[in-house]
Amino acid sequence: MTSKYHSVYANWQSDPEGFWQEASKSIDWFEEPKTIFDESKGVYGRWFTDGVTNTCYNCLDRHVNNGKGNDVALIYDSPVTGSKDKITYGKLLSDVQACAAAIRAQGIVKGDRVIIYMPMIPEAIVATLACARLGAVHSVVFGGFAANELATRIEDCEAKLVIAASCGIEPSRNIAYKPLLDQAIELSNHKPNSTIIVQRKQVLADMIDGRDYDYAGLLEEFEGANIECERLLATDPLYILYTSGTTGQPKGVVRDNGGHMVAISWTMESIYGVKPGEVFWAASDVGWVVGHSYIIYGPLMTGNPSVLFEGKPIGTPDAGTFWRIISEYKVKSLFTAPTAFRAIRKEDPAGEFIEKYDLSHFELLFLAGERADPDTIKWAENMLKVPVIDHWWQTETGWTIAGNPAGLGLLPVKYGSPAVPMPGYDVQIVDDGCEPLGANELGNIVVKLPLPPSAMPTLWNAEDRFIEAYLEEFPGYYKTADAGYKDDDGYLYIMSRTDDIINVAGHRLSTGAIEEAIAGHKDVAECAVIGVNDKLKGQLPIGFVVINSGVDRGADEIEAEIVAHVRNQIGPVAAFKTAIQVSRLPKTRSGKMLRGTMQKIHDGLEWKMPATIDDPAILDEIKTTIDNYRSK
Ligand code: COA
Ligand code: AMP
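Residues numbered from 1 in each chain as written. Chains lettered and ligands numbered in written order. Predicted model: local features only at pLDDT ≥ 70, side-chain atom pairs only at ≥ 80, totals over all residues. Heavy atoms only, no water.

Draft legend 1. Representation of the sheet that holds strand E24 (residues 427-430). Spatially, 4 strands are ordered E24-E25-E26-E27 in an open sheet, and the strand pairing comes out antiparallel. Each having just a single partner strand, E24 and strand E27 (492-497) make up the two edges of the open sheet. Averaged over neighbouring strand pairs, the angle between their axes works out to 50 degrees when direction is ignored. Pairing analysis gives 5 bridges linking strand E26 (residues 477-486) to E27, with the strands arranged antiparallel. Directly across from aspartate 482, in E27, lies its bridge partner arginine 497. (Pairing = 2+ DSSP bridges. Helix = DSSP H or I, 4+ residues; strand = E, 2+ residues; numbered from the N terminus. Axes fitted to C-alpha atoms, helices over the stretch in contact; angles between N-to-C directions.)

Draft legend 2. Highlighting the site of ligand 2. Within the structure, ligand 2 sits among 14 residues, and His391, Thr395, Asp482, Arg497 and Arg508 are positioned closest to it. Separating an oxygen atom of ligand 2 from a side-chain N or O atom of arginine 497 is a distance of 2.7 Å. Taking arginine 508, its side chain carries an N or O atom lying 2.7 Å from an oxygen atom of ligand 2. For ligand 2, whose free accessible area comes to 490 Å², the fraction covered by protein is 91%. At the level of elements, strand E21 (392-393) and E27 are the ones that each hand at least two residues to the shell around ligand 2. (Near = heavy atom within 4 Å. Polar contact = N/O pair within 3.5 Å; in protein donor to acceptor, adjacent residues only side chain to side chain. Areas by Shrake-Rupley, 256 points an atom, 1.4 Å probe, with all protein chains shown as cover.)

Draft legend 3. Region of the structure containing the pairing of strand E4 (residues 72-78). For E4, the buried fraction is high: 6 of the 7 residues fall into the buried class. Note that E4 and strand E5 (residues 83-88) share 6 bridges and pair antiparallel. Looking across to E5, one finds that valine 72 is bridged to threonine 88. Remark: 4 residues form the turn of the hairpin made by E4 and E5, two consecutive strands paired antiparallel; glycine 82 in that turn has positive phi of roughly 75 degrees. In this structure, E4 lies alongside strand E17 (residues 306-309), joined through 4 bridges in parallel fashion. Bridge pairing links aspartate 77 to phenylalanine 309 in E17. (Buried < 20%, exposed > 50% of the residue type's maximum accessible area, 1.4 Å probe, protein only.)

Draft legend 4. Local environment of the nonpolar core. The biggest cluster of nonpolar side chains holds 117 residues, and the ones touching the most others in it are Trp20, Leu92, Ile103, Leu129, Tyr294, Phe335 and Trp399. Discounting chain neighbours no more than four positions away, the residues touching tryptophan 20 are Trp12, Ile36, Trp47, Phe48, Val262, Ala263, Trp399, Pro423, Gly424, Pro452 and Pro453. With 29 residues, the next largest nonpolar core counts Ala283, Phe322, Ile344 and Ile377 among its residues. (Core = buried A, V, L, I, M, F, W, Y, C linked by side-chain atoms within 4.5 Å. Contact = heavy atoms within 4.5 Å.)

Draft legend 5. Quick peek at empty space enclosed by the protein. Under the defined criterion, the tally for this structure stands at 3 cavities of 30 Å³ or more. Taken as a whole, the largest cavity encloses approximately 80 Å³ of empty space. Looking at the largest cavity, it is lined by 14 residues, and the ones nearest its centre are Asp390, Asn404, Val413, Lys414 and Ser417. For the lining of the largest cavity, the leading source of residues is strand E20 (residues 388-390), giving 3 residues. The space that makes up the second largest cavity amounts to roughly 50 Å³. (1 Å grid on protein atoms, 1.4 Å probe; cavity = no way out; pocket = protein on both sides within 12 Å on 5 of 7 lines; lining within 4 Å. Points joined across faces, edges and corners; volume = space filled by probe spheres on them.)

Pasting the structure below:
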């Protein structure tokens, strides 16, 4: 099939509002928008400003009203607990109504914020949809974050309620969430009024009378409740999702209701190639943006059974789990991060597990979250015999900026490139002075304003930070903070970040935040964290630390303490395991840390002595220290 991509993109370019107006017809509105884009609203304009709708209605009620109440909405598969379940739209709707009633009984009304701190269990999805139904703004926090990170989020969004589970289950251990939640509430200057806790039998939570309520008990109490969907403006916030910024204070990305639904619905068939009824699986986590867009909202809106998988690509129980799920549920499209495939390949390089399963319904593999290295793509193509499609996006946009849209007909794949900009995105490469660069010239990747529907209108309670972080440096453009180039055919290549964000196993982390955590250790005078290459996780953070004079404990002991401190402050997800002691850190004469040079030295890449370095001898010392550390 020849691709319709070019004509669709040209349609959007010639009439952006017409394009999104047409797309907006795929969702149900209580009042259809008459204004498609209002450039006078918000920071750079707002989409569908007078439309009235509800996201939960579009995910559940309309399917039930259309006679699909008995169709499967969610497929829960949890190798870590041995549970499986298929949940219909009808059942999900009644659970969501009961949960919404329970949330309302806690005094939550439209606009209030609710933190959700949960593993990959159906209750996490029930809770998010219940918030959406009431117009309460949910903020899901990934389970791999420690109490301190949870506290930062509770405080920033001033959550009135926290909905959590008693534990998460990692292959090697159970993680008790409730002590982390109690500690987070203790740490936060803002205190939620109450919590609702899903008690899982693996670890039961201790409850505080009058503050903590049992989820199952409440659902029983409110069973059969009839809670109408709140009438919301398209521009009302659906959720806040915190993501790493340059400091320890995460950025609260705001997502609206209307624009989000319109864009995400459009992607399901156009990009992911699934028609209603076909099974979609995003092997991610509800705590990440991929989970929001493609475990919860996208598939539910367009009527694609969505797989909710509580497990890992390897070790639960083996590297064949993904193929078992695909064959058991007839998954058509799978979306995951390249790191998952690197993990599977490491365990099963010859693809022996793949041969054991019937993958005849499997048609498309999508990779995102980090650069998809050509080696991994080729391995997956050879093993699975399906197109392997890299696509590039960010928490900030909620959907693909550049990709290869399977539903419009695939364009030729170029290894190392996530292909071409999607309608909605005028992607350009500019130099530091915002001058356009030519084909194959490396520069800053920016998107011409306005951003399309679903992209964030602002940061929660931080409009100035939003403008400063994303809009000020390149006037008229959104700064993606990725660097790369476009080739002669307009294919994009995403090469690196321009800030201090690193990507660890598809998880976005701030080296600045890790540095802040390390600096909190009593013996640390100064530190620098860099992301170094890692075969499995793409990047790994490592720290260089200068210890206060007079500290005479062994280097190993201090390293272990610093590692534990970071784990305690940020969480295991930081995957921080290395803190190398040095006598000084390399800086320019103006005091700027030479992190890029340190990274090149660590990774054995070519590097040049920076002309502005304060003391050239220090880089030799760093190299020797790294060599000594490695040979330990
Ligand atoms: N709750 C609590 N702890 C968690 C967690 C969660 N939800 N998720 C991860 N962790 C812990 C892990 O147990 C691990 O702890 P450890 O240091 O004690 O081993 C640590 O955080 C680091 O996790 P991770 O980087 O994910 O490494 P891993 O070795 O557990 O697994 C992969 C490696 C590649 C299998 C895993 O990262 C993976 O499946 N990635 C898929 C990519 C993905 O989901 N990306 C999201 C965006 S699409
Ligand atoms: P997140 O907000 O967690 O989705 O992370 C977004 C960042 O991950 C982007 O700015 C990129 O740096 C990186 N990223 C995501 N997808 C890709 C991709 N397909 N190729 C290269 N980098 C990617």
